[in-house]
Every structure is written in C-alpha cells, then in structure tokens.
Amino acid sequence: MHFSELPLDKTILKAINEIGYSTPTPIQEKTIPLILENKDLIASAQTGTGKTAAFALPIIEKLIWNQNSKKKGKKIRALIVSPTRELAVQIQDDFKTYGKYTNLRTTVVFGGTSIEPQKEILNKGVDVLIATPGRLLDLRKQEILSLSHIQTLVLDEADLMLDMGFIADVKKIEALCPKKKQTLLFSATIPEKIDQLANRILKSPIKIEI
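An account of the accompanying structure is given in this report. Source: prediction; values computed, not measured.

## Here's the deal with the pairing of strand 1 (residues 41-44)
In step 1: Side-chain alternation along strand 1 places Leu41 and Ala43 on one buried face and Ile42 and Ser44 on a second face that is also buried.
In step 2: Strand direction decides the pairing type here: strand 1 and strand 6 (residues 182-187), joined by four bridges, are parallel. Following the sheet pairing, Ser44 is matched in strand 6 by Ser187.

Okay, here's the thing in structure tokens:
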C-alpha cells in the first residue's frame, strides 16, 4: 500500500513525500482510515513503529476540512497528552513537519519552564496542543486555555502515564473536554488499569495490536 491510496490531502502527501515516507507502517495502515471515520481507538504499538504519524496525519486531515478560521479565532481542536517533555516536543516537531503546507498552528506546553511564553502563544490561538498533564491543568486552572472545542483527544504512551502517576490527571483532563469527541489511546502495553481507563472514557473502541 502507498500513502497516496489513503484519503489524505495533497498538502499532507507533499510534506510526507519530502521526508521520504512512501509506504505506511502496519499501525498507520490500520489506524488512519479508522481515525478518519471518527472511531475511538485503543492501539498497542511500541515506540519506533510510526505511531505519531498514525494519529497526527488523520488529525491534520480532519482539521484541514474546516481550517478556514482566521488565525486570531483559532480554538484548540486537537489535544495530545504526553507523559514527558521530550516526547511532547518530538510530537510537536512531527505535527509541524506533516502540516507544513497547511495554515494549522501547533504548540507544545510542559512544566519545568516559564509559563509566560506558553501563555502568549496560546492567547494567539492554536489548532493543535501537545501537553504534559500537570502544565495543561495549570493553564486550564488559570483560564489561559479552554478545552471546550476539542474534537480529538489523544492519550499517548498511556502505560508510561500510569507508571508516572498521571492517571488521575488524565481523567480530569478528559472530563474537561466535550462529551462528544473522538478519543485515541496509544500504549506500548495494555495493563489492566489502562484497559479500565479505556473502558471508562472511550466509546465502543476498536482495539488494534501491532
């Protein structure tokens, strides 16, 4: 299968072609069509299998469908929650690479650094937010950002979030998002607590294991 066989916008295909992506990995081939159909997913895949593109490409595609909002009026429509700063930064880099020919705006927020520059960027309006749980809840508490327009919520490396003690924060974040949304959970392994979390917050999820 070639990426051009997937229902992706030509701007996305141009960007991924430039970085040498031609054939989707198994996780990408299985998840991209389902995400475009607005299904909730629980996907088990190791780091290095191309899972960021597996959720980033269809999220960008769906945002392109209604991206004509002026830069000023942008609302956060996709939220990716990541357990670590390093991973969050990497996900942002990937989104920027895949969306370089769109006018979508992406930013990343994490703790351990000044909150002011992050506030400034958020005030300008973004389409995609990548965040670590603690900083996201801080910004929400200060009413710097709203999660009321989220269409897609991604919980990445869910088993690592469990190990790091973030599951209570993740539940709080999910509850702050609209009830009507798509939720995607990615995890290298699916321990019982992650399964329970998925059953609680996902709607009739499709399970994919690579």
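## Focus: the nonpolar core
The tendency in soluble globular proteins is for nonpolar side chains to be buried as a group.
In step 1: Counting 38 residues, the largest nonpolar core has Phe55, Leu57, Ile80, Phe95, Ile130 and Phe186 as the members making the most contacts within it.
In step 2: Of all the secondary structure elements, the ones that give two or more residues to this core are helix 1 (10-18), helix 2 (26-36), strand 1, helix 3 (51-65), strand 2 (78-81), helix 4 (85-98), strand 4 (128-131) and strand 6.
In step 3: No other element matches helix 3, which puts nine residues into this core.
In step 4: Excluding residues that lie within four positions of it along the chain, Ile80 makes contacts with Phe55, Ile91, Phe95, Val128, Leu129, Ile130, Ala131 and Val154.
In step 5: Core analysis: the next-biggest nonpolar cluster, separate from the first, contains 31 residues, Val109, Val126, Leu145 and Val170 among them.

## Concerning the pattern of salt bridges
In step 1: Following the criterion strictly, the structure yields nine salt bridges and no others.
In step 2: Close ionic contact of Lys51 with Asp156 constitutes a salt bridge, the shortest N to O distance being 2.9 Å. Remark: Asp156 occurs in the loop between strand 5 (152-155) and helix 7 (158-163) and Lys51 occurs in helix 3; sequence separation between them is 105 residues.
In step 3: With its nearest N and O atoms 2.8 Å apart, the salt bridge here joins Lys181 to Glu174. For the residue pair Lys181 and Glu174, the accessibility class agrees, reading buried in each case.
In step 4: If you follow the salt bridges from partner to partner, you end up with Lys51, Asp156 and Glu157 in one network.

## A short note on the packing of aromatic side chains
In step 1: Per the stated rule, a full pass over the model turns up four aromatic pairs.
In step 2: Geometrically, the ring pair formed by Phe55 and Phe95 is tilted, given 6.4 Å between the ring centres and 40 degrees between the ring planes. With Phe55 in helix 3 and Phe95 in helix 4, the pair connects residues that are 40 residues apart, well separated along the chain.
In step 3: Under the relative-accessibility criterion, Phe55 is labelled buried at 0%.

## Concerning the packing of helix 8 (residues 167-176) against helix 9 (residues 192-201)
Geometry of a packed helix pair, given as the angle between the helix axes and the separation of the axes.
In step 1: Running from N to C, helix 8 and helix 9 cross one another at 10 degrees; their axes reach a closest spacing of 12 Å. Between helix 8 and helix 9, the angle is such that the two are roughly parallel. From helix 8, Ile167, Val170, Lys171 and Glu174 reach across to helix 9, where they touch Ile194, Leu197, Arg200 and Ile201.
In step 2: Considered class by class, the residues forming the contact of helix 8 with helix 9 number five nonpolar, no polar and three charged.

## Some thoughts on the sheet that holds strand 2
In step 1: Reading across the sheet, the seven strands line up as 3-4-2-5-6-1-7 and stay open at both edges, with parallel pairing between neighbours. On the outer flanks of this sheet lie strand 3 (106-109) and strand 7 (206-209), each paired with one strand and no other. Shown here is a sheet whose adjacent strand axes are inclined to one another by a mean of 15 degrees, direction ignored.
In step 2: Sheet contacts for helix 2: strand 1, strand 6 and strand 7; angle to strand 7, the most-contacted strand, approximately 165 degrees.

What counts as what
Residues numbered from 1 in each chain as written. Predicted model: local features only at pLDDT ≥ 70, side-chain atom pairs only at ≥ 80, totals over all residues. Heavy atoms only, no water. Buried < 20%, exposed > 50% of the residue type's maximum accessible area, 1.4 Å probe, protein only. Helix = DSSP H or I, 4+ residues; strand = E, 2+ residues; numbered from the N terminus. Pairing = 2+ DSSP bridges. Core = buried A, V, L, I, M, F, W, Y, C linked by side-chain atoms within 4.5 Å. Contact = heavy atoms within 4.5 Å. Salt bridge = Lys/Arg side-chain N within 4 Å of Asp/Glu carboxyl O. Phe/Tyr/Trp six-rings, centres within 6.5 Å; stacked < 30°, edge-to-face > 60°. Axes fitted to C-alpha atoms, helices over the stretch in contact; angles between N-to-C directions. Parallel < 35°, antiparallel > 145°, perpendicular 65-115°, else oblique. Nonpolar A, V, L, I, M, F, W, Y, C, P; charged D, E, K, R; others polar.

Worth remembering: the numbers are spatial, not functional.
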